[in-house]
Amino acid sequence: MPALYSRVAFIGLGLIASSMALAMRRAGLVESYTGHARSAETRATALDLGLIDTVHDSAAAAVQGADLVVLAVPVGAMAAIAQEIAPHLAHGATLTDVGSVKGAVIDAVSPHLPGSVQFIPGHPLAGTEHSGPAAGFAELFDNRWCILTPFEDVSADAVARLRALWEGMGANVDLMDAPHHDLVLAVTSHAPHLIAYTMVGVADDLRRVTDSEVIKYSAAGFRDFTRIAASDPTMWRDVFLNNKAATLEILGRFTEELFALQRAIRREDGDHLHAYFTRTRAIRRGIVEAGQDTDAPDFGRAALRKGTPRD
Ligand SMILES: NC(=O)c1ccc[n+]([C@@H]2O[C@H](COP(=O)([O-])OP(=O)(O)OC[C@H]3O[C@@H](n4cnc5c(N)ncnc54)[C@H](O)[C@@H]3O)[C@@H](O)[C@H]2O)c1
Ligand SMILES: O=C(O)C(=O)C[C@]1(C(=O)O)C=C[C@@H](O)C=C1
């Protein structure tokens, strides 16, 4: 495939930017790679790892001459970066971001941009609990979704080119509007992260009571919570502060359901618990059967097809 862009500039050189650089290089999607990070150590690591060909100590210098600019910093840092780079963006360049929230990023970035720049917000639904340039890997986006939330006045060619880039990096691409994205992600990612943070915090508060048994006897469910709760504090602070309305809406519904389950346990209402868990199991089965959990081992699907002894 011929290269889709001649020069990409990454602003922020962490997990997502480094994975994108590796995935782009794997498929030869871009001719040259440059970037900016605040710390000299991150800049040196990104060069040493061969993620980028050149590096800049200012974002304004990095974007010059780039036909694709990727903002890969925490959501709360997007506004200041956009303001800094706006006068230096190439005429007709595509600007995208990878922030986990879309409405607030659009509000933060759009006002600074010259009319010729094609701003196409994006969000790859793939990540890990690790951060920094050494955390990236080329396969991160394989078979994952990437959501783009462009406004209607953006060039269709620019959207098609960015879509092709994500597909070349292994992702499946969907388009939707930003409020819808933020509500969906509040359910599927933001509220679950807050619940994981809370559960691990509760376990830590109980440390004196449980000694180190929580860690020693960590069952799979809690271990998954601890992995998620190890995610970057700055990134997640910014997600919650910038997707406030949708997250609070979902957490409101969550606490109502939690109280109902709490009451069912207190009243020993087994029928309520059983019916609830039956409904949620059907949801999990739907996800696995649709092939949407790429982490699910094959034996999981086989077991679902056969049914389990306790069905
Ligand atoms: N980690 C995930 O699972 C994941 C998945 C999808 C999208 N995202 C989004 O991608 C973006 C980047 O996340 P990441 O996981 O690559 O983070 P990361 O911590 O690995 O990298 C962030 C980069 O931004 C730089 N940075 C931080 N604050 C800055 C500031 N104020 N000004 C300039 N640079 C700054 C850091 O130095 C680093 O180079 C975030 O907006 C996040 O919401 C993350
Ligand atoms: O697997 C993980 O570590 C993640 O939490 C990744 C995850 C998510 O699936 O919620 C986290 C935030 C991003 O915006 C996208 C992906």
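Refer to the structure presented above.
This one's a predicted model, so the numbers in the text were calculated from it and none came from an experiment.

Caption draft 1: View of the sheet that holds strand β3 (residues 54-56). The sheet built from 8 strands is open, its strands ordered β3-β2-β1-β4-β5-β6-β7-β8 with mixed pairing. Among the strands making up the open sheet, the edge pair consists of β3 and β8 (172-175). Direction aside, neighbouring strands of the sheet carry axes that sit 25° apart on average. The sheet contact formed by strand β1 (residues 5-11) and strand β2 (residues 30-36) spans 6 bridges and is parallel. In the sheet register, V8 faces β2, and the bridge partner there is Y33. Sheet strands touched by helix α4 (residues 78-85): β1, β4 (68-71) and β5 (94-97). Its angle to β4, the strand with the most contacts, is close to 155°.

Caption draft 2: Examining the site of ligand 1 more closely. Around ligand 1, the surrounding shell holds 23 residues, and the nearest of these are L15, I16, V73, S100 and G132. Contacts to ligand 1 include I16, whose backbone N or O atom sits 2.9 Å from an oxygen atom. A distance of 2.7 Å separates an oxygen atom of ligand 1 from a polar side-chain atom of S100. When ligand 1 sits alone it has 830 Å² of accessible area, and the protein chains cover 85% of it. Those elements that place two or more of their residues in the shell around ligand 1 are α1 (15-27) and β6 (118-124). Per-class residue counts for the shell around ligand 1 are 13 nonpolar, 9 polar and 1 charged.

Caption draft 3: How the structure looks around the packing of helix α7 (residues 178-205) against helix α11 (residues 233-242). Two elements in contact, α7 and α11, have axes separated by 11 Å at closest approach and are oriented at 125°. With respect to their mutual orientation, α7 and α11 come out oblique. Two packed elements cross with a definite hand, and for α7 against α11 that hand is left-handed. For the pair α7 and α11, the contacting residues are S189, H190, H193, L194 and Y197 in the first and W236, V239 and F240 in the second.

Caption draft 4: Here's a closer look at the site of ligand 2. Taken together, the residues surrounding ligand 2 are S100, H123, P124, A126, G127, T128, E129, S189, H193, R227, M235 and W236. For ligand 2, an oxygen atom lies 2.7 Å from a polar atom in the side chain of S100. In this structure, S189 approaches ligand 2 through a side-chain N or O atom, which is 2.6 Å from an oxygen atom. Protein contacts shield 80% of the accessible area of ligand 2, which totals 380 Å² for the unbound molecule. Elements supplying a minimum of two residues to the shell around ligand 2: β6, α7 and α11. Split into classes, the residues belonging to the shell around ligand 2 amount to 4 nonpolar, 6 polar and 2 charged. For the shell around ligand 2, the domains that each give at least three residues are domain 1 (5-176) and domain 2 (180-306).

Caption draft 5: Structural context of unusual backbone geometry. In the Ramachandran plot, N143 falls in the positive-phi region, its phi being about 65° despite a non-glycine side chain. Inspection of the secondary structure puts N143 in the loop between β6 and β7 (145-148). By relative accessible area, which is 52% here, N143 ends up exposed. Within the chain, E268 stands out as a residue other than glycine whose phi angle is a positive 55°. Residue class for E268 comes out exposed when judged on its relative accessible area of 72%.

Caption draft 6: Broad picture of the pattern of salt bridges. For the coordinates displayed, the defined rule picks out 7 salt bridges. For E167, the salt bridge identified is with R163, shortest N-O distance 3.4 Å. One end of the pair, E167, and the other, R163, are both in helix α6 (residues 156-168), 4 residues apart, so they sit about a helical turn from each other. According to the relative accessible area criterion, R163 is partly exposed, its value standing at 30%.

Caption draft 7: Structural view of α7. The largest bend along α7 reaches roughly 55° and is located at A186. A178, H181, D182, L185, A186, S189, H190, A191, H193, A196 and A203 are the residues of α7 that are buried.

Caption draft 8: Main features of the side chain of H36. Here H36 lies in strand β2. Here H36 falls in the buried class, since its relative accessible area comes to 9%. Among the polar contacts made by the side chain of H36, one reaches the main-chain carbonyl oxygen of H56 at a distance of 3.2 Å. Among residues more than four places away in sequence, those in contact with H36 are F10, I11, G12, L13, H56, D57, S58, A59 and A62.

Scoring rules and cut-offs
Residues numbered from 1 in each chain as written. Chains lettered and ligands numbered in written order. Predicted model: local features only at pLDDT ≥ 70, side-chain atom pairs only at ≥ 80, totals over all residues. Heavy atoms only, no water. Pairing = 2+ DSSP bridges. Helix = DSSP H or I, 4+ residues; strand = E, 2+ residues; numbered from the N terminus. Axes fitted to C-alpha atoms, helices over the stretch in contact; angles between N-to-C directions. Contact = heavy atoms within 4.5 Å. Near = heavy atom within 4 Å. Polar contact = N/O pair within 3.5 Å; in protein donor to acceptor, adjacent residues only side chain to side chain. Areas by Shrake-Rupley, 256 points an atom, 1.4 Å probe, with all protein chains shown as cover. Nonpolar A, V, L, I, M, F, W, Y, C, P; charged D, E, K, R; others polar. Parallel < 35°, antiparallel > 145°, perpendicular 65-115°, else oblique. Left-handed = near helix turned anticlockwise from the far one by under 90°. Domains from an automatic or database assignment. Buried < 20%, exposed > 50% of the residue type's maximum accessible area, 1.4 Å probe, protein only. Salt bridge = Lys/Arg side-chain N within 4 Å of Asp/Glu carboxyl O. Bend = angle between axes of the 7 residues up to and from the residue.

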